[in-house]
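# Structural characterization, general
Residue-level listing of the chains:
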Amino acid sequence: MPAAEITRAETAERARLLRVDAYDITLDLTRGSEVFGSVSVIRFSCREPARPTYVDLVAAAVREVTLNGVPVDPGGVLDTGRIELAGMAGHNELRVVADCRYTGDGTGMHRCADSSDGKVYAYTKFEPDYARTVFANFEQPDLKAAFTFHVIAPGHWRVLSSQPGTGPQPLAGTGPGPAGAQPAAVWHFEPTPPISTYLTVVAAGEYHVVAGGHVTPGGQRVPVSLACRASLAEHLESADILGITGQGLDYYTGLFGGDYPFAKYDQVFVPGYSAGATENVGCVILTDELLFRSRVTDAQYALRAEVILHEMAHMWFGDLVTMRWWGDLWLNESFAEFCGTLASAEATRFTDAWTTFCLSRKAWGYAEDQLPSTHPVAAEVDTVSQALANFDGISYAKGAAVLRQLVALVGRDSFLAGLRAYFAAHAWQNATLADLLSAVQASSGVSLAGWSKAWLETAGLNTLRPQFETGSDGRLRWFAVIQEAAAAHPVLRPHQVSVGLYERSGGRLRRVHQVRADITGERTEVPGLAGRPQPDLILINDDDLGYAAIRFDPRSLATLTGSIGQLDDSLARAVCWSALADMVRRAELPLPAFMAALAGGIGGERSLTALRALSSEAAGLLARSADPGWAAAGKQQLAAAGISLLRDAQPGSDHQLAWAQLVSWTATSPGQLDLLAGLLDGGTEVAGLAVDTELRWAFLRRLAAAGRAGDARIDAELAADPTDTGRRHAAAARAAIPDAGHKAAAWRLLTRSGGLGAADIDEIAGAFMLPEHAGLLAPYADRYFAALPGIWATFGPHRRARLGKLLFPYPASSPRLLTRIDDFLAAAPRDPGLARVLTERRDIVARALRGAAARRVPA
């Protein structure tokens, strides 16, 4: 639906003009599956009544607008998403009655029916600017107000919001309704403290709810609850989730030196969500993909714990104290990312959380910091659309890594004292980068202006390389670290890193020496290494405290590619794996060399979270960078290693399941596929391995991709699992079938259907875009560019950006693709979000082509 862009300039003027006191919002969810009723009463004051302003609303119809009792012409609201206001008084009451539309894309007010039992669920997702699709409001973070919600819903539904509520109460004046219809009821919720529009929430439907409470070490009792759709109730694992929740509440109230700031803490697991989770005040919404229908490894539990703890950290960073404008998104996301990892490592059983962060989240930051769209952590953004594009690896992962550096710079106690002062000074208000830095400077006595300029206010990734000379005795005469910066962002930063020396001993790679080094400028001598024997491996950023790409001398690189799995330390392995993957992305290491190292090294990887991250990294590199003629061989190599490890694994262990999951997407040769087929039909067994629902679908999808399973076999599996998740898996399996008809059907489903959630798109698109199907997918390069304008015109920001990335015609095998991108961008003015997606893809393709060209040059 059309809506005017929300801009920093206009919202700054509106914030100067207005103070919003309170909203009273009534939502009627009993009017069918297409629209719902929305009544907003807003009380606000105006500093200059003669100046006009506007209120935001994206609606199907506007029934009534009155300002201080006087009717207002809604004018072009259906075209612009704005109701213009003039003739205001010093104190005002605005009433807006509208019909708003449900969505099916996990944003705004999402509504869906569970295909397994027909039960209906609705929930809201407002970040960054979708609240205006549900009720009239001043859609910007810095006009905080108290919100009172009233929700009319079928009487058998459960309704949750940010505050405690009463209900269901009979709705006055309603009759019995149509035969068989449930009578309507109303839920009334208490007013919130002052919060931003995007942090409000309603979840309503036939939810299964588990209620409880938690008492923190400070004696505060926090009511807590969990909710999910009824068909997943048996998979809610409330003891585990509530256990992590309690650990988080204990940890954060201690860390931040005060009580949890809100009245309760609900977590609602929902279908079809457009994100992993959102930090609504007192009622977090999470994707129900985090509820496991089948056995998973502990890596999945670690991921769920980090998501829970990330969103809980937002109750302080973002909800209690909120950024003034979206340019300071990092004040929300970087801190939540940092705190979620810190809490996982220090308050839960997932003590290797920083290893996971290095291999997955931080690697995400490294990759995005090298794209043409890179931006400072504290970015300048003029519109909300630009801000939405910055929900990326820089605002999340790079920001968190940089905060870890800040803790090392000022000391943990001073850092935490600064945070506590920041919360005390800005509670229930909005803040900026300057406010945070001022608080930490005051607590630590350390000037942060230079640090902020280098790390928060400039973009780009530095690369650190070793430089040294050895004598005839094999010892280092001198050692230096060389710092490089990209030409587009020529900033050399201060880095505090450790340099570790590793030697082979007894079939292991063990650290024999380590020194700390403060890196500045282009070249920094490290005198503490002079006189040491040249080791088998020299590892810069040994403890992963720095944020920089690292490189290796030839001897170290040979050691890693041949025996990375022998590294004793899990964090050192993570740093090295991340560096090797980055070298592939930058066309400095051939992908086959990386895959060979992975096949040879994963057997030594004890961390399940690392295995999960490495599997994901390998799949991404194969999809984006592999020569189409080699992709199948690369998968076959990984599958061979996985099958050997699967057979040798302890029966019933998490590692055994991890190897089965690896083989489920890499099996390629006839023998490897025979193993999957046998495991699927029961003719083959691996002791201790339970081939349950999720593993069955993974095996079947791989067999379908190899042409060894068709629609009839998929139909049979779907009959045994007729759930929403089963339907998604079936659609993905069909998309993987290597014939033109199934690829065309999958393309239509992805590009034309409006009912797909984020998980649906990810899985179906991944099955459609297999690198070994490059020849079959060749026609879709042109179809992709032809479809892009329609995708951007039809779908909302979250879905169109997802499709733009996932359907891009990898693998990049021809320079023609670069020309095709250039021609498309030059042919007509393009939406900035679309231009960003294509500019990023162009850079990835260009690097892949450079790598391919380098491999063709004779040695």
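Our structure is the block above this text.
Described in the following lines is the structure provided in the data block.

About the criteria used
- Residues numbered from 1 in each chain as written.
- Predicted model: local features only at pLDDT ≥ 70, side-chain atom pairs only at ≥ 80, totals over all residues.
- Heavy atoms only, no water.
- Helix = DSSP H or I, 4+ residues; strand = E, 2+ residues; numbered from the N terminus.
- Rg over C-alpha atoms; globule rule 2.2 N^0.38 Å.
- Buried < 20%, exposed > 50% of the residue type's maximum accessible area, 1.4 Å probe, protein only.
- Contact = heavy atoms within 4.5 Å.
- Areas by Shrake-Rupley, 256 points an atom, 1.4 Å probe, with all protein chains shown as cover.
- Lys, Arg positive; Asp, Glu negative; His and termini not counted.
- Charge placed at Lys NZ, Arg CZ, Asp CG, Glu CD.
- Pairing = 2+ DSSP bridges.
- Salt bridge = Lys/Arg side-chain N within 4 Å of Asp/Glu carboxyl O.
- Phe/Tyr/Trp six-rings, centres within 6.5 Å; stacked < 30°, edge-to-face > 60°.
- Lys NZ or Arg CZ within 6 Å of the ring centre and 35° of its normal.
- Disulfide = S-S within 2.5 Å.
- Expected span 1.5 Å × (residues − 1).
- Polar contact = N/O pair within 3.5 Å; in protein donor to acceptor, adjacent residues only side chain to side chain.
- Axes fitted to C-alpha atoms, helices over the stretch in contact; angles between N-to-C directions.

When its secondary structure is counted, the chain shows 28 helices and 28 strands. Relative to its length of 859 residues, the chain is compact, with a C-alpha radius of gyration of 28 Å against a globular reference of 29 Å. The principal-axis extent of the C-alpha atoms belonging to the chain is close to 90 × 70 × 60 Å. Per-residue burial over the chain gives 58% buried out of 859 residues. Look at the contacts in the chain between residues 6 or more apart in sequence, and 74% of them connect residues 24 or more apart. Of the roughly 30,500 Å² of accessible surface on the chain, 53% is carried by carbon and sulfur atoms. Positive and negative side-chain charges in the chain, numbering 80 and 92 respectively, have mean positions lying 4 Å apart.

Burial runs high along strand β10 (residues 146-154): nine of the nine residues are buried. Looking at chain direction, strand β1 (residues 18-28) and β10 are connected through seven bridges and run parallel. Bridging from a neighbouring strand, Thr 26 pairs with His 150 of β10. Bridge count for β10 against strand β13 (residues 184-189) is five bridges, and the pairing is antiparallel. Paired with Val 151 across the strands is Trp 187, a residue of β13.

Position of Leu 657 relative to the elements: it lies in helix α17 (residues 654-666). For the pair Leu 657 and Gln 163, spaced 494 residues apart in sequence, the C-alpha separation works out to 42 Å. Beyond its immediate sequence surroundings of up to four residues, Leu 657 is in contact with Arg 295, Val 296, Thr 297, Leu 689 and Leu 695.

Right, let's talk about the pattern of salt bridges for a bit. Summed over the entire model, instances satisfying the criterion amount to 66 salt bridges. The partner of Lys 635 in a salt bridge is Glu 772, and the shortest N-O contact between them spans 3.1 Å. Note that Lys 635 is positioned in helix α16 (residues 628-648) and Glu 772 in the loop between α23 (758-768) and α24 (774-777), a separation of 137 residues in sequence. The salt bridge partner of Asp 762 is Arg 802, with a shortest N-O separation of 2.7 Å. With Asp 762 in helix α23 and Arg 802 in helix α26 (residues 797-806), the pair connects residues that are 40 residues apart, well separated along the chain. By relative accessible area, which is 25% here, Arg 802 ends up partly exposed.

On to the packing of aromatic side chains. Inspection of the entire model under this criterion finds 42 aromatic pairs. Geometrically, the ring pair formed by Tyr 260 and Trp 316 is edge-to-face, given 6.0 Å between the ring centres and 70° between the ring planes. Taken together, the residues Tyr 260 in the loop between α3 (238-255) and β17 (265-270) and Trp 316 in the loop between α4 (298-313) and β20 (322-323) connect sequence positions 56 residues apart. When sorted by exposure, Tyr 260 lands in the same class as Trp 316, which is buried. The ring of Trp 455 carries Arg 493 above its face, with NZ or CZ at 5.5 Å from the centroid. Lying over the aromatic face of Phe 824, Arg 830 brings its terminal NZ or CZ to 3.6 Å of the ring centre.

The tally for this structure, following the rule as stated, stands at zero disulfides. Unpaired in this structure, Cys 112 has its nearest cysteine sulfur neighbour in Cys 228, at a distance of 13 Å. As a non-bridged cysteine, Cys 576 has Cys 358 as the owner of its nearest cysteine sulfur, 9.0 Å distant. With relative accessibility at 0%, the residue Cys 576 sits in the buried group.

A few words on helix α19 (residues 693-705). Taking 1.5 Å per residue, 13 residues should reach 18 Å; α19 reaches 19 Å between its end C-alpha atoms and fits that length. Those residues of α19 not exposed but buried are Leu 695, Trp 697, Ala 698, Phe 699, Leu 700, Arg 702, Leu 703, Ala 704 and Ala 705. On its buried face, α19 sits against α16, α17, α18 (670-681), α20 (711-720) and α21 (724-736). Immediately beyond the C-terminal end of α19, within one or two residues, lies Gly 707, with a positive phi of roughly 80°.

Taken in spatial order, the four strands of this open sheet run β26-β23-β22-β28, and their pairing is mixed. Edge positions in the open sheet fall to β26 (523-525) and β28 (549-550), since each of these has one partner strand only. Pairing of strand β23 (residues 476-484) with β26 involves three bridges; the strand directions are antiparallel. Opposite Ala 480, over in β26, you have Glu 525 as the bridge partner.

The next point concerns the environment of Gln 467. The residue Gln 467 is located in strand β22 (residues 463-470) in this model. Note: C-alpha distance between Gln 467 and Phe 552 (85 residues apart in sequence) is 9.3 Å. Not counting residues within four places of it along the chain, the set of residues in contact with Gln 467 comprises Trp 478, Phe 479, Ala 480, Ile 482 and Arg 523. At 3.0 Å, the side chain of Gln 467 and the side chain of Arg 523 are in polar contact.

Here Glu 368 is to be found in helix α6 (residues 353-369). Here Glu 368 sits buried without a salt bridge, and the closest side chain of opposite charge, Arg 836, lies 5.1 Å off (N-O distance). A distance of 3.0 Å separates a polar side-chain atom of Glu 368 from the backbone nitrogen of Gly 393. In this structure Glu 368 touches Thr 374, Asp 392, Gly 393 and Ile 394, once residues within four positions along its chain are discounted.

Pairing within the open sheet is antiparallel, and its three strands lie in the order β25-β24-β27. Each end of this open sheet is capped by a strand with a single partner; those strands are β25 (508-519) and β27 (537-540). The sheet shows a mean angle of 20° between the axes of neighbouring strands, direction not considered. In this structure, strand β24 (residues 495-505) lies alongside β25, joined through eleven bridges in antiparallel fashion. Bridged to Ser 498 within β25 is Arg 516. Contacts from helix α12 (residues 554-563) reach β24, β25 and β27, with the element oriented near 95° to β27.

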